[in-house]
Amino acid sequence: MERRAAGNARLPPECNRILYVRNLPFKMSSEEIWELFGRYGPLRQVRVGDRSDTRGSAFIVYEDIHDAKTALEALSGFNVAGRYLIVLYYKASVMQKKMDMDRKQRELEQLSKKYNLDRKNSAAAAAAGGGAAAAGGG
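Because the structure is a prediction, the values reported are computed rather than measured.

Caption draft 1: The nonpolar core, seen in detail. Core analysis: the biggest nonpolar cluster contains 21 residues, and Leu19, Phe37, Ile60, Tyr62, Leu85 and Val87 have the highest contact counts within it. Elements with a minimum of two residues in this core: strand 1 (18–22), helix 2 (30–38), strand 2 (43–48), strand 3 (58–62), helix 3 (65–75) and strand 6 (86–89). No other element matches the 4 residues that helix 3 contributes to this core. With near-sequence residues (within four places) excluded, leucine 19 lies in contact with Phe37, Ala58, Phe59, Ile60, Tyr62, Ala68, Ala71, Leu72, Val87, Leu88, Tyr89 and Tyr90.

Written as structure tokens, this is what we have:
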């Protein structure tokens, strides 16, 4: 009960039950991650990145927001197998922006392939053409 009384203090606005963890050792299993983060309170879910671009990262979902806060404070910078963990609160808006950028990048690549465009050369040509027009116009 004492923990709940202390937990009634105001939490920072970015605080939530979901933690985003980076720089995890690639060999660390989800059971080991569950054990490490489970020390700070009951977990609802652990999602470990398994693709090449998400390896070494995980989402940890706690049952209680105060347990998530305690885990973040205790494990941010914690050394695991020679790697220092980066523990952050999950921010849906930041993740959504990243996903939108990734989606736009894929669409741009598909259009480039469809119209046989080499984006690097066309960007250089546009820059050179724009520079010539500006030089010739004055």
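Now that the structure has been shown, we can carry on.
Caption draft 2: How the structure looks around the packing of aromatic side chains. Per the stated rule, a full pass over the model turns up 2 aromatic pairs. Here the aromatic rings of tyrosine 20 and phenylalanine 59 are separated by 5.1 Å at their centres, their planes lie at 35°, and the arrangement is tilted. Pair noted here: tyrosine 20 is in strand 1 and phenylalanine 59 is in strand 3, with a separation of 39 residues, a long-range link. Exposure remark for tyrosine 20: the relative accessible area of 17% places this residue in the buried category. Judged by its relative accessible area of 28%, phenylalanine 59 falls in the partly exposed class. Both rings, one in phenylalanine 59 and one in tyrosine 90, keep their centres 5.6 Å apart while their planes meet at 80°; by these two values the pair is edge-to-face. On the criterion of sequence distance, the pair formed by phenylalanine 59 in strand 3 and tyrosine 90 in the loop between strand 6 and helix 4 (92–114) is long-range, its members being 31 residues apart. One aromatic cluster is present, built from ring pairs that chain together Tyr20, Phe59 and Tyr90. The ring of phenylalanine 26 is capped by arginine 55, whose NZ or CZ atom sits 4.1 Å from the centre of that ring. The ring of phenylalanine 26 has arginine 83 lying over it, and the distance from NZ or CZ to the ring centre is 5.3 Å.

Quick notes on the rules
Residues numbered from 1 in each chain as written. Predicted model: local features only at pLDDT ≥ 70, side-chain atom pairs only at ≥ 80, totals over all residues. Heavy atoms only, no water. Core = buried A, V, L, I, M, F, W, Y, C linked by side-chain atoms within 4.5 Å. Buried < 20%, exposed > 50% of the residue type's maximum accessible area, 1.4 Å probe, protein only. Helix = DSSP H or I, 4+ residues; strand = E, 2+ residues; numbered from the N terminus. Contact = heavy atoms within 4.5 Å. Phe/Tyr/Trp six-rings, centres within 6.5 Å; stacked < 30°, edge-to-face > 60°. Lys NZ or Arg CZ within 6 Å of the ring centre and 35° of its normal.

So yeah, pure geometry; function would need other evidence.
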